[in-house]
Amino acid sequence: MPVISPKEVQPDYDVVIVGSGAGGGQMAYTLTMNGAKVLVMEAGRIFDPARETAMMHTPDMAPLRAMPTPDKQYGFYDSSVDSGWEIPGEPYTNASKEEKRQFFWWRQRMLGGRTNHWGRVSLRNGPYDFKTKSRQGIGFDWPISYDDLHLYYDKVEMLVGIFGSNEGVENVPHSSPGVLLPPPKMRAGELLTKKFAKKIGIDVVPVHRAILTKQQDADRLPAILHPGNAKAQKILAENMRSRAKCFFATDCHRGCSIGAAYDSATVHLRPALKTGNLDILPNAMVREVTLNKEGKAKGLSYIDKVDGADHHVSAKVVVLAASSQESVRILLNSKSSLFPDGLANSSGKVGKYITDSVSSSFSAQIPALENLPPHNEDGTVGQQAYVPWWLCKEHTAGRLDFSGGYKFIVGSGRRMPKMSSVRGFDRLAGRDGTGFGTDLKEDARRFYGSTVGFGAQGAMAANDDCFSELDPEVKDKWGIPVLRFHWKWSDDELKQIAHQQESMASIFETMGARISRQPETGNPLKVIKDGGKIIHEVGGAIMGDNPKNSVTDQWSRTWDVPNLVLSDGAPFPNTADKNPTLTIMALAWRAADHVLDELKKGNV
Amino acid sequence: MKDFDETPRIERRVAMEWIISAAAAVPFLGQTVIGATSDSAAPVSGKGYGPDPNMVKVYKPGDLWPLTFSTGQRELVIVLCDIIIPADEQSPSASSQGVHDFVDEWISSPYSAQTSDRNLILKGLAWLDEEGVRQGSANFVAMSAEAQLKICQELSLKPKEFPGNFFWKMRDLVAGGYYTTPVGMRDLGYRGNMPMPEWNGPPKGVLDLLGLEPESR
């Protein structure tokens with residue numbers, strides 16, 4: 001079974017999955033490795049990271065030195081095609097005209113979805129992150145606790161390959177022994193930050209990312225991940241052996257043709273295809289979920305983007321993993337006499353409770369890092385060190401004026417230069433005018449690589465102001481109604497931003513850094529990243545323990561339609577101070593186990 | 001200054017075997033591109049590369065959209081390139097790396113973000129030639145190197161207003177263009193983009209300078 005066209009769609013799939021990213025990929029992997037017949041539908045084209053990613057190219061090989069354009073919104077070499085904040089013919093709208101109430105929606109229309117270009121930061125939610133309501137008094141508790149996911153996190157980490165370390169930080173869970181790959185050594189700027197942050201009680205530790213710092217143990221891991229399943233073990237062992245370890249060059253955002261960095265096509269879909277149980281249907285834009293007379297999901301109607309024709313596919317179970325808001329959109333557009341307000345929406349909660357990372361950044365120049373002898377600092381290009389939330393005890397004692405914690409990523413190093421790399425050097429050199437000639441060359445050698453940047457990302461509890469709904473008028477080029485977003489940062493989140501700014505600045509102060517502005521504590525709205533901009537949005541079909549105020553149960557299965565499952569960020573009741581992708585995959589594996597159970601019992 | 005560029009490397013050939021994409025291995029070295037002469041006041045005529053370009057292909061100025069500079073404008077930008085980034089004992093000049101053709105590519109871009117740069121650059125080039133005439137030369141290129149430098153020094157003092165803002169923009173494009181070439185990156189002290197079997201952290205010499213201990217893990 002392979003990549004197919006609408007004509008080759010089979011009549012008897014066990015499961016059809018909409019979306020091929022982290023959630024859809026993990027769902028497809030777990031199901032097919034255990035014998036289920038699966039169709040994955042992808043709105044974009046097939047993309048092959050092994051052949052199509054430009055790993056070692058320098059910017060001068062690209063148009064406009066690889067700078068972003070409306071066609072390639074994260075730059076020419078970013079591993080995203082047909083994707084962006086704005087996609088011609090596929091609009092979305094915002095209800096408010098206010099600048100600070102806009103939500104930005106990144107769509108990744110290609111096989112593997114957003115896993116192609118993400119930063120690969122892979123952190124577990126901690127025990128507190130599942131109990132927001134109990135602990136903070138706002139938002140919701142999840143219907144599961146950390147213990148329900150611990151082993152699934154282990155499994156995903158072993159499958160995907162995650163580097164990192166166990167540091168004993170409160171609410172930052174340990175992986176089981178033998179699960180994590182060794183973290184890369186920190187760069188000079190990171191070690192310097194660690195040394196000075198320590199002086200004010202803040203610990204810098206290795207981050208966790210989905211990159212192979214050594215090759216996976218193909219003799220040991222497959223048997224742990226697929227006990228009693230010889231076929232799955234063999235396929236997985238082969239796939240692990242086909243992935244090279246990182247060679248410590250090139251930015252993971254470009255994609256990884258050697259398979260060292262995780263993406264869904266390489267790690268999930270390739271072995272899933274080898275089982276013979278998977279079909280992949282690209283260029284399929286889903287219109288709605290269809291129902292049978294009993295009110296169960298029958299399948300999906302979709303448009304073949306190649307010729308614009310409408311088609312239908314049937315399966316015993318329908319899984320939406322189209323990205324949280326695209327899945328919400330499909331539900332809201334699936335209207336019937338049984339569900340006049342959209343499918344699985346008897347609670348009225350579909351689209352409600354979108355959350356996102358609460359984020360601001362701060363960077364500074366470090367005089368100690370000037371004029372360092374040239375050396376290679378690529379490492380695992382990108383993030384290697386971070387500061388996990390260090391004030392849990394203060395929160396517990398009620399000594400902070402905001403409710404959510406945050407982490408921050410430390411960025412430093414002598415990175416591959418880009419167009420803007422020397423732009424700030426006039427100011428650093430104390431020039432009022434435009435530096436040029438020998439002055440410019442000397443400035444450039446002196447200041448290159450001497451900046452350190454912090455990017456804080458914090459927790460957000462669900463609230464009533466952040467949600468999506470169908471726009472009553474606007475449709476996309478296929479005539480499908482589009483989403484309209486509502487967004488408003490709360491005072492709680494703005495206070496968190498002020499705290500982020502202060503703590504990041506205080507570390508820079510101890511380092512003797514030169515900052516270009518004061519920390520923005522007076523008006524945090526000025527520096528908070530807009531909703532959606534971090535591309536961590538989740539929620540919109542949250543899980544709960546009560547059908548009246550949630551959309552899915554703890555298995556990500558909708559309360560209203562028992563054979564309809566969500567397998568992306570949509571069921572998240574909140575955003576933790578951790579990146580969502582690892583949790584999306586752990587939930588997907590857990591949901592897939594439940595689907596397999598139900599298939600075996602004949603319940604669907 | 002000692003260069004700590006001694007980390008064991010994987011031979012490039014071996015690394016490239018790892019990279020399945022054969023095209024990724026083709027290096028692009030600076031090439032001379034003859035600029036198309038066209039009416040400098042005309043709007044750009046090309047199209048963008050679309051949302052799904054071939055990322056592995058190596059592009060050079062003029063491949064995707066027509067260039068703008070006349071022969072005279074191109075000569076003038078070559079002179080400016082080498083005033084902004086001259087050769088010194090450590091590295092060659094901007095024009096030796098074809099940066100003038102990159103500037104042409106940039107101002108000929110069909111994307112709206114570059115349109116204002118196009119207008120400013122073309123207006124600034126015309127101003128420089130007029131200034132050359134005012135000072136008794138045929139144009140800017142015909143002036144003595146000292147006279148050219150003197151004009152640039154004056155322009156560099158007022159980066160916010162025309163024609164100083166033109167010079168700031170030209171510096172931005174030339175410096176950005178230069179330091180994104182392999183030669184420019186090396187001059188900055190970038191030593192990465194080099195496949196290695198292991199990553200061992202910063203060299204001891206760097207850590208010593210910073211008063212840091214190597215990581216023990």
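On a predicted model such as this, the values are computed, not experimentally measured, just so you know.

Asker: Please explain the overall build of chain A as it appears in this structure.
Answerer: Secondary structure assignment for chain A yields 14 helices and 18 strands. Over its C-alpha atoms chain A spans a radius of gyration of 24 Å, differing by no more than 12% from the 25 Å that the globule rule assigns to 604 residues. For chain A, the C-alpha atoms occupy an extent of roughly 75 × 50 × 45 Å along the three principal directions. Here chain A holds 604 residues, and 65% of them are scored as buried. In chain A, the share of contacts with a sequence separation of at least 24, taken over all contacts with a separation of at least 6, comes to 72%. If you sum the accessible surface of chain A, you get close to 20,100 Å²; carbon and sulfur atoms cover 49% of it. In chain A, which carries 73 positive and 70 negative side-chain charges, the distance between the mean positions of the two groups comes to 3 Å.

Asker: Help me out: how do you make sense of the pattern of salt bridges in this one?
Answerer: Side-chain pairs of opposite charge can arise where the charged atoms are in close proximity. All names here are of chain A. Summed over all chains, the structure comprises 42 salt bridges over all chains. Note that K316 and D14 form a salt bridge whose closest N and O atoms lie 2.7 Å from each other. Taken together, the residues span a long stretch of sequence, with K316 in strand β8 (residues 310–320) and D14 in strand β1 (residues 13–18) at a distance of 302 residues. A relative accessible area of 39% places K316 in the partly exposed class. Judged by relative accessible area, which is 13%, D14 ranks as buried. One salt bridge connects E370 with R514, and the closest N-O pair in it is separated by 4.0 Å. Placement of E370 in the loop between β9 (358–365) and β10 (385–387) and of R514 in strand β16 (residues 514–515) is noted, with a sequence separation of 144 residues between them. Counted as one network, the salt bridges with shared partners bring together E90, R109, E326, R329 and D476.

Asker: Honestly, the sheet that holds strand β14 (residues 467–475) of chain A in this entry has me stumped. Any pointers?
Answerer: Picture the strands of a sheet paired through backbone hydrogen bonds; they go either parallel or antiparallel. Residues and elements named next belong to chain A. If you trace the 3 strands from one edge of the open sheet to the other, you get β3-β15-β14, paired in mixed fashion. In the strand order of this sheet, the two ends are held by β3 (93–94) and β14, each with one partner. As judged from the 5 bridges shared by β14 and strand β15 (residues 481–486), these two strands associate in the antiparallel manner. Along β15, the bridge assignment pairs L470 with L483. Lying over the sheet, helix α9 (residues 324–333) contacts β14 and β15, oriented at roughly 120° with respect to β15.

Asker: Whenever I open this one, the nonpolar core confuses me. Can you help?
Answerer: One broad rule of soluble globular proteins: the nonpolar side chains tend to lie buried together. Grouped together as the largest cluster of nonpolar side chains are 83 residues, with contacts concentrated most on I17 and L31 of chain A together with M170 of chain B. In this structure, I17 of chain A is in contact with G24, M27, A28, L31, V38, L39, V40, M41, V319 and A321 of chain A, ignoring residues within four places of it in sequence. Counting residues in hydrophobic clusters, the runner-up holds 48 residues, among them L331, L332, M460 and L566 of chain A.

Asker: Looking at this structure, I do not really get the interface of chain B and chain A. What am I missing?
Answerer: In many reports, interface size means the accessible area that the parts give up when they come together. Each partner contributes residues to the interface: chain B has 91 residues there, and chain A has 82 residues. Across the interface of chain B and chain A, roughly 7,500 Å² is buried in total on both sides, 64% from carbon and sulfur atoms. Between the two partners, chain B and chain A, sit 7 salt bridges. Taking the shortest distance from any N to any O, the salt bridge between K245 of chain A and E198 of chain B comes out at 2.7 Å. For the interface between chain B and chain A, the tally reads 32 residue pairs in polar contact (both at pLDDT 80 or more).

Asker: Teacher, can you tell me more about the sheet that holds β10 of chain A here?
Answerer: Residues and elements named next belong to chain A. Sheet architecture is open: 6 strands sit in the order β4-β10-β11-β12-β9-β16, paired in antiparallel fashion. The two strands at the open ends of the sheet, each matched to only one other strand, are β4 (205–206) and β16. Each of β9, β11 (406–412), β12 (451–458) and β16 touches helix α13 (residues 491–510); the most contacted strand, β9, lies at about 20° to it.

Asker: So what exactly am I meant to see when it comes to empty space enclosed by the protein here?
Answerer: Here the idea is plain: a probe the size of a water molecule rolls over the atoms and shows the empty space left. Counted according to the given criterion, the structure contains 8 cavities of 30 Å³ or more. Its residues assigned to classes, the lining of the largest cavity comprises 11 nonpolar, 4 polar and no charged. As a volume, the second largest cavity reaches approximately 60 Å³. Here the lining of the second largest cavity is composed, by residue class, of 7 nonpolar, 4 polar and 1 charged.

Asker: For this particular structure, what's the right way to read helix α4 (residues 115–134) of chain B?
Answerer: Helical periodicity: at 3.6 residues per turn, an α-helix aligns residues three or four positions apart in one direction. Residues and elements named next belong to chain B. Across its 20 residues, α4 extends 29 Å between first and last C-alpha, which sits within 8% of the 28 Å expected from 1.5 Å per residue. Taken as a whole, α4 has its buried residues at D117, R118, L120, I121, L122, G124, L125, W127, L128, E131 and G132. Just beyond α4, the residue with positive phi is G136, at close to 90°.

Asker: It is not clear to me how the environment of G137 of chain A should be interpreted in this structure. Could you clarify?
Answerer: Note that G137 of chain A resides in the loop between α3 (132–136) and α4 (146–160). On a C-alpha basis, the gap between G137 of chain A and N603 of chain A in space is 38 Å, while along the polypeptide they are 466 residues apart.

Asker: Whenever I open this one, α13 of chain A confuses me. Can you help?
Answerer: All names here are of chain A. Between its first and last C-alpha atoms α13 spans 29 Å; for 20 residues at 1.5 Å apiece the expected length is 28 Å, and the two agree. Of all the positions in α13, only E493, L494, Q496, I497, A498, Q500, Q501, S503, M504, A505, I507 and F508 are classed as buried. Buried residues belonging to α13 abut α5 (188–199), β9, β11, β12, β13 (460–461) and β16. A positive phi of about 70° marks G512, the residue just after α13.

Asker: So what exactly am I meant to see when it comes to the packing of helix α2 (residues 71–84) of chain B against helix α5 (residues 145–157) of chain B here?
Answerer: Geometry of a packed helix pair, given as the angle between the helix axes and the separation of the axes. Residues and elements named next belong to chain B. Interaxial distance between α2 and α5 falls to 11 Å at its minimum, and their mutual angle equals 70°. What the angle tells us is that α2 and α5 run roughly perpendicular. Handedness of the crossing formed by α2 with α5: right-handed. Contacts between α2 and α5 involve V79, L80 and I83 from the first element and Q148, L149 and C152 from the second. Taken together, the residues of the contact of α2 with α5 break down into 5 nonpolar, 1 polar and no charged.

Asker: What should I look at first to understand the pairing of strand β5 (residues 278–281) of chain A in this one?
Answerer: Walk down a regular strand and you will see the side chains alternate between the two sheet faces. Residues and elements named next belong to chain A. The alternating pattern of β5 places L278 and I280 on one face and D279 and L281 on the opposite face, and all of these are buried. Note: strand β2 (residues 38–41) against β5, 4 bridges, orientation parallel. Bridging from a neighbouring strand, L39 pairs with D279 of β5.

Asker: Explain the pairing of β15 of chain A to me, please; I cannot follow it from the model alone.
Answerer: All names here are of chain A. Pairing of β3 with β15, which is carried by 2 bridges, proceeds in the parallel orientation. Residue pairing across strands places N94 opposite F485, the latter belonging to β15. Hairpin connection between β14 and β15: a loop of 5 residues separates the two successive antiparallel strands, and G479 in this loop has a positive phi of roughly 85°.

Asker: Teacher, can you tell me more about the confidence of the model for chain B here?
Answerer: The predicted structure's coordinates, where accompanied by low pLDDT, should not be read in detail. Residues and elements named next belong to chain B. Confidence along chain B averages 86 in pLDDT terms, with 81% of residues attaining 70 or more. Every residue in residues 20–40 scores below 50 in pLDDT, and together they form 41 contacts with partners more than four places removed in sequence or on other chains. Here the complex is predicted with pTM 0.94, and the ipTM for its interfaces comes to 0.95.

The rules behind these values
Residues numbered from 1 in each chain as written. Chains lettered and ligands numbered in written order. Predicted model: local features only at pLDDT ≥ 70, side-chain atom pairs only at ≥ 80, totals over all residues. Heavy atoms only, no water. Helix = DSSP H or I, 4+ residues; strand = E, 2+ residues; numbered from the N terminus. Rg over C-alpha atoms; globule rule 2.2 N^0.38 Å. Buried < 20%, exposed > 50% of the residue type's maximum accessible area, 1.4 Å probe, protein only. Contact = heavy atoms within 4.5 Å. Areas by Shrake-Rupley, 256 points an atom, 1.4 Å probe, with all protein chains shown as cover. Lys, Arg positive; Asp, Glu negative; His and termini not counted. Charge placed at Lys NZ, Arg CZ, Asp CG, Glu CD. Salt bridge = Lys/Arg side-chain N within 4 Å of Asp/Glu carboxyl O. Pairing = 2+ DSSP bridges. Axes fitted to C-alpha atoms, helices over the stretch in contact; angles between N-to-C directions. Core = buried A, V, L, I, M, F, W, Y, C linked by side-chain atoms within 4.5 Å. Buried area = accessible area lost by both parts, 1.4 Å probe. Polar contact = N/O pair within 3.5 Å; in protein donor to acceptor, adjacent residues only side chain to side chain. 1 Å grid on protein atoms, 1.4 Å probe; cavity = no way out; pocket = protein on both sides within 12 Å on 5 of 7 lines; lining within 4 Å. Points joined across faces, edges and corners; volume = space filled by probe spheres on them. Nonpolar A, V, L, I, M, F, W, Y, C, P; charged D, E, K, R; others polar. Expected span 1.5 Å × (residues − 1). Parallel < 35°, antiparallel > 145°, perpendicular 65-115°, else oblique. Left-handed = near helix turned anticlockwise from the far one by under 90°. pLDDT = per-residue confidence, 0-100.

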